[in-house]
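Here are the chains, one letter per residue:
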Amino acid sequence: MEKLKQDDVLVLTINGYGMDGEGVAHADNYVIFVPFAMKGEQVRAKVTYVKKNLVFCALKEVLRSSKERVTYDCNRFPRCGGCDLLHISYQEQLRIKKENVETLFRKNAGMDITVDEVVPSPRQLAYRNKIQLPFGSVNGKTAVGFFRENSHKIVSITKCFLHGEWVEKLITVFLEYAEKYNVKPYDEGSRTGVLRHLVARFIDNKYCIVVVTNNCRLPHASDLIVMLQEKIGEDFSLYYSPKEEHNNVIMGRTVVPVKESPFIIDVLGVKASLNPFSFLQLNNDVRDLIYTAVAAQIPDDSTVIDAYAGVGIIGATLAKRGARVYNIEIVPEATVDGDVLAEQNGLKDLVTNVNGDAAVLLPKLLTDINVKDQIYIILDPPRKGISSEVAAALNGLDCPVRLFYISCNPATLTRDVKLLSEKYDIEKVTLYDMFPQTKHVETLVVLKRRFDD
């Protein structure tokens, strides 16, 4: 094969998948990536970028289809960048995710791990409880949608199959509002306009809606409230979040209430009050499956530390069964909300919330509570994983420990497991399909502290 260059058109046989679910082909010394192509397919693809022996292509035509290729109703896929795997049968999606996580364990941790079969999501569509949509301009009119993959060019939508009809209702209202009152979308080039993002969560038939504005108040807010009431009813909160910075962070630093309504949800019997900055897994069904699986492995009267607790929901589910729970959280507001949650659920005698860095507080907390028997530690860090300091603190513990590491990022998870393998053995690795139709997956790894003779 001659040296490949941009705009070359290739006929390829796809023989595997990449970490993002894209098709992978091999020719001579080249590794060729073709998004939306599938294993076993013959395709025509156009070269978009070449970097040494890595070639990136755009799929132009499927010449021979995989039996696992499926049809779909969405007319924005794959342009919008929201889904990666909508064209692949659900069972094949699960197989790809399992295979990719096993590959990452080999590459990042040097471990040949057999991963359990992926626990499927009860719903493969309309499962997301949160959406973040940028505003933009399409053909001179205000639109909302998703950014096209690797760009800030908006692909407008009026519905999204990963969400329920609630999103369609909100989009309708905001497009009508923008047109009726001539409220312009934010333009990144000129940094003018008002509307930057629509951020909304929908749980238990309640809405929490935030409009991110270009560092200004929300125009005609009272009229917008009336429009929302006519479309979605009274059970919603509306905020605006002024944001001046030109970066990829969606929300501003504060939110200003326009209409407030209690946003209290029920998670496995725990009542939790959420605010616009609260973290919560976006697939309610799979969240409950994971929390239930963790609880099943922790005796009722145990001592538990949640090192990245947020407002402490998972700890509260354990405290309701009699566990003594210590929550560590670095965000002060979340710790305050955690105290409120414990009070609301009658758990203040069983739940202690402490604010600070887990790397500092974890060993100190273990000294203070003087645990000599088995202790259970839950890790559910952000995508960047745990720090090397937290790993060192965990490796330095000299009491019997079982770790439950929950992660949405297998790359950082496997890196961290390698660090923890200095003192811990893996008991079980289970994948949960928190994010059907996308390349992402949630992983639960159970580890046990090893004491060498």
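> Which parts of the structure should I look at to understand the packing of aromatic side chains?
Two measures describe an aromatic ring pair: the distance that separates the ring centres and the angle between the ring planes. Per the counting criterion, the structure on display carries 11 aromatic pairs. A centroid spacing of 5.4 Å and a plane angle of 15° characterise the contact between Phe 33 and Phe 56, whose relative ring orientation is stacked. Taken together, the positions of Phe 33 in strand 4 (residues 30-34) and Phe 56 in strand 6 (residues 54-64) put the pair 23 residues apart, joining distant regions of the chain. Looking at Phe 56, the relative accessible area reads 31%, which means it is partly exposed. Measuring from ring centre to ring centre gives 4.6 Å for Phe 202 and Tyr 207, while their planes differ by 50°; the resulting arrangement is tilted. Here Phe 202 and Tyr 207 have matching classes, each one buried. Grouped by ring-pair contacts, the aromatic residues Phe 135, Phe 174, Tyr 177 and Tyr 181 constitute a single cluster. Taking NZ or CZ as reference, Arg 196 lies 4.1 Å from the ring centre of Tyr 186, over its face. Note that Arg 324 overlies the ring of Tyr 326, its terminal NZ or CZ placed 4.7 Å from the centroid.

> Just checking my understanding: could you explain the side chain of His 163 for this structure?
Looking at where His 163 falls in the secondary structure, it is placed in the loop between strand 9 (154-156) and helix 2 (165-180). Looking at His 163, its side chain comes within polar contact range of the side chain of Arg 128, at 3.2 Å. A polar side-chain atom of His 163 sits 3.0 Å from the main-chain carbonyl oxygen of Lys 130.

> Where do I start with the pattern of salt bridges in this structure?
Opposite charge on two side chains permits them to pair, given that their charged atoms come into close proximity. Taken as a whole, this structure holds 21 salt bridges when the rule is applied. Two residues, Lys 46 and Asp 7, come together in a salt bridge whose shortest N-O distance is 3.9 Å. With Lys 46 in strand 5 (residues 42-51) and Asp 7 in the segment before strand 1 (9-13), this pair connects stretches of sequence that are 39 residues apart. Through salt bridges with shared partners, a single network forms among Glu 92, Arg 95 and Glu 99.

> Explain helix 9 (residues 410-420) to me, please; I cannot follow it from the model alone.
Given 3.6 residues to a turn, an α-helix orients residues that are three or four positions apart in the same direction. Burial in helix 9 covers these residues: Pro 410, Thr 412, Leu 413, Thr 414, Asp 416, Val 417 and Leu 420. Among the structural elements, helix 1 (90-109), helix 8 (388-395), strand 20 (401-407), strand 21 (424-432) and strand 22 (442-449) are those in contact with the buried residues of helix 9. Two or three places before Ala 411, at the opening of helix 9, Asn 409 has a side-chain oxygen 3.1 Å from that residue's backbone nitrogen.

> Would you mind going over the environment of Asn 75 with me for this structure?
Tracing the backbone shows Asn 75 in the loop between strand 6 and helix 1. Put simply, Asn 75 and Gly 269 are 194 residues apart on the chain and 39 Å apart in space, counted from C-alpha to C-alpha. At a separation of 3.2 Å, a polar atom in the side chain of Asn 75 contacts the side chain of Arg 76.

> Honestly, the packing of helix 1 against helix 9 in this entry has me stumped. Any pointers?
When two helices pack together, you describe them by how their axes are tilted relative to each other and by the distance separating the axes. Following both chains from N to C, one finds helix 1 and helix 9 inclined at 45°, their axes separated by 9 Å at the closest point. By the angle class used here, helix 1 and helix 9 are oblique. As helix 1 packs across helix 9, the resulting crossing turns out to be right-handed. Facing helix 1, whose interface residues are Val 101, Leu 104, Phe 105, Asn 108 and Ala 109, helix 9 presents Pro 410, Ala 411, Thr 414, Arg 415, Val 417 and Lys 418. When grouped by side-chain class, the residues that make up the contact of helix 1 with helix 9 number 7 nonpolar, 2 polar and 2 charged.

The rules behind the values
Residues numbered from 1 in each chain as written. Predicted model: local features only at pLDDT ≥ 70, side-chain atom pairs only at ≥ 80, totals over all residues. Heavy atoms only, no water. Phe/Tyr/Trp six-rings, centres within 6.5 Å; stacked < 30°, edge-to-face > 60°. Helix = DSSP H or I, 4+ residues; strand = E, 2+ residues; numbered from the N terminus. Buried < 20%, exposed > 50% of the residue type's maximum accessible area, 1.4 Å probe, protein only. Lys NZ or Arg CZ within 6 Å of the ring centre and 35° of its normal. Polar contact = N/O pair within 3.5 Å; in protein donor to acceptor, adjacent residues only side chain to side chain. Salt bridge = Lys/Arg side-chain N within 4 Å of Asp/Glu carboxyl O. Contact = heavy atoms within 4.5 Å. Axes fitted to C-alpha atoms, helices over the stretch in contact; angles between N-to-C directions. Parallel < 35°, antiparallel > 145°, perpendicular 65-115°, else oblique. Left-handed = near helix turned anticlockwise from the far one by under 90°. Nonpolar A, V, L, I, M, F, W, Y, C, P; charged D, E, K, R; others polar.

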